[in-house]
Protein chains: 2
Amino acid sequence: MSLIVQKYGGTSVGSVERINAVAARIKTWRDRGDRVVVVVSAMSGETDRLIKLAEQIQRRPNPREMDVLLSTGEQVTIALLSMALANLGCPAKSYTGGQVCIRTDSVYNKARIREIDGVRVEADLDAGNVIVVAGFQGVDDQGNITTLGRGGSDTSAVAMAAALDADECQIYTDVDGVYTTDPRIEPQARKLDRITFDEMLEMASLGSKVLQIRSVEFAGKYKVPLRVLSSFEPGEGTLISFEEKAVEDAVVSGIPCSRHEAKITVLGVPDQPGIAHKILGPISEANIEVDMIVQNITADEATTDFTFTVNRNDYERALELLDTTVQPLAAGKVVSNNRIAKISLVGVGMRSHAGVANKMFATLAREGINIRMISTSEIKISVIVDERYMELGVRALHQAFELHRKEDC
Amino acid sequence: MSLIVQKYGGTSVGSVERINAVAARIKTWRDRGDRVVVVVSAMSGETDRLIKLAEQIQRRPNPREMDVLLSTGEQVTIALLSMALANLGCPAKSYTGGQVCIRTDSVYNKARIREIDGVRVEADLDAGNVIVVAGFQGVDDQGNITTLGRGGSDTSAVAMAAALDADECQIYTDVDGVYTTDPRIEPQARKLDRITFDEMLEMASLGSKVLQIRSVEFAGKYKVPLRVLSSFEPGEGTLISFEEKAVEDAVVSGIPCSRHEAKITVLGVPDQPGIAHKILGPISEANIEVDMIVQNITADEATTDFTFTVNRNDYERALELLDTTVQPLAAGKVVSNNRIAKISLVGVGMRSHAGVANKMFATLAREGINIRMISTSEIKISVIVDERYMELGVRALHQAFELHRKEDC
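This one's a predicted model, so the numbers in the text were calculated from it and none came from an experiment.

Conventions used here
Residues numbered from 1 in each chain as written. Chains lettered and ligands numbered in written order. Predicted model: local features only at pLDDT ≥ 70, side-chain atom pairs only at ≥ 80, totals over all residues. Helix = DSSP H or I, 4+ residues; strand = E, 2+ residues; numbered from the N terminus. Buried ≥ 20, exposed ≤ 12 C-beta atoms within 10 Å, placed from the backbone. Contact = placed C-beta atoms within 7 Å. Axes fitted to C-alpha atoms, helices over the stretch in contact; angles between N-to-C directions. Parallel < 35°, antiparallel > 145°, perpendicular 65-115°, else oblique. Left-handed = near helix turned anticlockwise from the far one by under 90°. Nonpolar A, V, L, I, M, F, W, Y, C, P; charged D, E, K, R; others polar. Least-squares fit on C-alpha atoms with pLDDT ≥ 70 in both. Expected span 1.5 Å × (residues − 1). Arc of directions from axis to C-beta. Pairing = 2+ DSSP bridges.

*Asks:* Could you give an account of the overall build of chain A, with specific residues and numbers?
*Replies:* Broken down by element type, chain A carries 11 helices and 18 strands. Each principal axis of the C-alpha atoms in chain A carries an extent, and together these give about 75 × 55 × 30 Å. Counting only residues that meet the buried cut, chain A has 49% of its 409 residues in that class. Residue pairs at least 24 apart in sequence account for 75% of intrachain contacts in chain A once pairs closer than 6 positions are excluded.

*Asks:* So, the packing of helix α1 (residues 16-31) of chain A against helix α2 (residues 46-57) of chain B: which residues are in play, and what are the values?
*Replies:* One can describe the packing of α1 of chain A onto α2 of chain B by two numbers: an axis separation of 10 Å at closest approach and a directional angle of 45°. Taken as axis vectors, α1 of chain A and α2 of chain B run oblique relative to one another. By crossing handedness, the relation of α1 of chain A to α2 of chain B is classed as right-handed. Contact residues: V16, I19 and N20 of chain A in α1 of chain A; L53, Q56 and I57 of chain B in α2 of chain B. Considered class by class, the residues forming the contact of α1 of chain A with α2 of chain B number 4 nonpolar, 2 polar and no charged.

*Asks:* Tell me about the relation of the copies chain A and chain B, and please be specific about residues and values.
*Replies:* Each copy of the chain is related to the other by a rotation around an axis and a translation along that axis. By a simple turn and slide, chain A fits onto chain B: the slide is 0.1 Å along the axis, the RMSD is 0.2 Å, and the turn is 180°. On this basis, the relationship between the two copies can be described by a two-fold rotation axis. Taking the C-alpha atom as reference, chain A places T72 of chain A closest to the rotation axis, 2.7 Å from it. Same-surface contact between copies: 100% of interface residues of chain A are shared with the interface of chain B.

*Asks:* Kindly report on α1 of chain A, identifying the contributing residues and their values.
*Replies:* The periodicity of an α-helix, 3.6 residues per turn, causes residues three or four places apart in sequence to face the same way. Given a rise of 1.5 Å per residue, 16 residues ought to cover 22 Å, and the 22 Å separating the end C-alpha atoms of α1 of chain A matches this to within 8%. Within the sequence span of α1 of chain A, burial applies to I19, N20, V22, A23 and I26 of chain A. Looking straight down α1 of chain A, one finds that the buried residues subtend no more than 160° of arc, so they occupy a single side. Across α1 of chain A from its buried face, at more than 90 degrees, point the exposed residues E17, T28 and D31 of chain A. In this fold, the buried residues of α1 of chain A make contact with β1 (3-8), β2 (35-40), α3 (63-87) and β6 (130-134) of chain A together with α2 of chain B.

*Asks:* Describe helix α11 (residues 390-400) of chain A, naming the residues involved and giving the relevant values.
*Replies:* Residues and elements named next belong to chain A. M390, G393, V394, A396, L397 and H398 are the residues of α11 that are buried. On its buried face, α11 sits against β13 (257-270), β16 (334-346), α10 (356-366) and β18 (380-386). E402 occupies a position one or two residues after α11 and carries a positive phi of about 50°.

*Asks:* Could you give an account of the environment of F308 of chain A, with specific residues and numbers?
*Replies:* All names here are of chain A. With respect to the secondary-structure elements, F308 resides in strand β15 (residues 303-311). Between the alpha carbons of F308 and A262 there is a distance of 8.4 Å; along the sequence they are 46 residues apart. The contact partners of F308, leaving out residues within four places of it in the chain, are I264, L280, V290, M292 and I293.

*Asks:* Go over the pairing of strand β16 (residues 334-346) of chain B, please, and point to the residues and values.
*Replies:* Residue and element names in this part refer to chain B. Both strand β13 (residues 257-270) and β16 contribute to a ladder of 7 bridges, which runs antiparallel. When the sheet's bridge partners are listed, I264 is paired in β16 with S336. Bridge count between β16 and strand β18 (residues 380-386): 7 bridges; the pairing is antiparallel. For S344, the partnering residue across the bridge sits in β18 and is S382.

*Asks:* Describe the environment of E55 of chain A, and please don't skip the residues or the numbers.
*Replies:* Residues and elements named next belong to chain A. Note on placement: E55 falls in helix α2 (residues 46-57). Since 14 C-beta atoms lie within 10 Å of it, E55 is described here as partly exposed. Taking the C-alpha atoms as reference points, E55 and T265, separated by 210 residues in sequence, lie 36 Å from one another.

*Asks:* Explain the sheet that holds β16 of chain B to me, and be specific about the residues and the numbers.
*Replies:* Residues and elements named next belong to chain B. The strand order β14-β15-β13-β16-β18-β17 describes an open sheet built from 6 strands, whose pairing is antiparallel. At either margin of the open sheet sits one strand with a lone partner, and together these are β14 (290-297) and β17 (371-377). Sheet twist, expressed as the mean angle between neighbouring strand axes with direction ignored, is 30°. Together, β13, β16 and β18 form the strand contacts of helix α11 (residues 390-400), whose direction differs from that of β16 by roughly 20°.

*Asks:* Requested: an account of the interface of chain A and chain B, with residues and values cited.
*Replies:* Between chain A and chain B, the contact holds 28 residues from the first and 28 residues from the second. Partitioning the side of chain A that touches chain B into residue classes produces 15 nonpolar, 12 polar and 1 charged.

*Asks:* Just give me the short version of the sheet that holds strand β1 (residues 3-8) of chain B, but keep the residues and values in it.
*Replies:* All names here are of chain B. As summarised here, the arrangement of the 8 strands in space is β3-β6-β2-β1-β9-β11-β12-β10, forming an open sheet in which the pairing is mixed. Each end of this open sheet is capped by a strand with a single partner; those strands are β3 (92-95) and β10 (194-196). For this sheet, the mean angle separating the axes of adjacent strands, direction not counted, is 20°. Across the sheet, helix α6 (residues 197-205) touches β10 and β12 (238-241), and the angle it forms with β10 is around 90°.

What follows is the structure in structure tokens.
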């Protein structure tokens, strides 16, 4: 008898029919003897409806009240899903974030989970109930309602699984697993049966939208086995596991890519300590996330060219901020480009295999694709290329590293 | 500096525009130095929308989950109203029933309030906030969400006022006060400036829909001065007070009436002890509320005719139940009528004035209206008449007791 935590996203519970379908699926797990805790999101469209209501009243809605408002979305789902389960003869009990004591810090709209008290849930599980928990929400020490930010339901599920020492945390979504790359770009993209946590972390941060990165971090921290699978189709999905792969395994596991990138370069910056901080400080204060950063010494060795990438949505704002930052630095001009894309190779096998980067560069060169920026970590290589070459580059690399072939594991 | 509790119903907060208007009204109270606690209902239409969702899933929705579901309606309103207040520069803080510790019993869908802990609210009031509380909801001792049943927000407001020892509890609604009778029936109906608690209790139970009867009982029990007034128009509304009127005041204060009545008579019931219980027991067990009960000895003195009235919605069901009850009683046949109406006179002045009943009967006789049943209490007389005579009877009585004239008080 296993204890399984399952998470269903907004699309999976987006209508009465889908809620009934999810209930039927949960029942099959329970019928085979498993103890089941379910974490759900708001019905798709509901969160947007609530945000729109708030914005009609206050241009920048009060953060505390926004969380009071948004948390109702998941509360509606837990009630409806519990009814649907009861309707199938499967006793169920709903819990809001506050009722299940998902304790968070007090940072409204993007709170972080501190602890969960699983005691009450365990008693209800022992009594034969399926437990249905509202994802995305918690309470702070003063009992104020908090939310974890978009995608936070994944984190709620992982945190529940950690608190209850669950055997597996299953994230049901609208895709049937993690793919070697985006199947809309490379039709030969293959679903991975398993992937390591480190790889999944890189995939999530590099543009694979399957899992929210914080939930993967959380699962890694608390050693929760995580599985991504489809709400709509049968299948084993992708297991994100702690086991390192055998050495003979594929060197590269996946090729995430993203076109939501923009690149900004400050030319001729005086080469002094603290310059990176001076340029990027105001940008990070404005909550703009900086992704890749490259700094190169120029020919004269007195100045440097400083380049970084941001999300394309933040591009205009970042340029505005630079306008006032760059002047006192006595730097040269700013050049920028928001028609770029990022292609990455991810794989724990890279650790022990040399030449991956070289093979990547050679493959791209063969296709006539110019590399604009490079950034590496132990298990990943990312390159920035012109946006129009993204699909071509992904397909060439997928072919070159033979990702369409099933790995042996 | 007064402490005022205000309650706004679903129509008053039915749209973003109306929520903004309510916020502006609240601000005028606060600007003149009052401390304000606001209790709100769900936006009109929201509760029905949620009920419909639930009924699509479960024909008889699970009561616990129904309360989890419905309580989201008020939670949306408290967040939006708090935002609207903040937008006007009026700091506000929302509280769900659970957060403000509205402790109830565990009877889902129609819980009763046991106690409220006002401490946390008082600290926030002292800090200059308007407190916005979700009406209609509470939590039981185990932390389960409960609701008080339709109209329960009035009760929440009165309970808050009692817990905080408020100077006045103001119920804002879509009428501007309590009228001598239904103005749609008698255009000369007059708004009462004040009415006693006993009178309001009778008015509420006899068909005046202005206030939920439980909230009036609650206010009476905890001596909370209650005022009914319009959300949309200026005015002082009607104050429901504890002061008894002077003797020279009007004898009759109001003429509530109701056409939602049905009458059932069991003829020739053996005149034995316990017969009322045998007839009405199964009916009250089915949660059908019995209103008037009349029992008359027949000519033979061995049997009795037993008549009672129920709400017209419960008429068919009551007749079905009687089918099985009456047979073993060796009673005669059952006759019934669901085309009847009730007209009542209410007034504390009746206590000291004889002849009110007589004047009522004479007035109705003059109009050729036959009285089918009579029931009296210390401050009220109710008669059952054929439905088609209801308007005529109300107008004649309103005239006869000169209710269009302003009382001196």
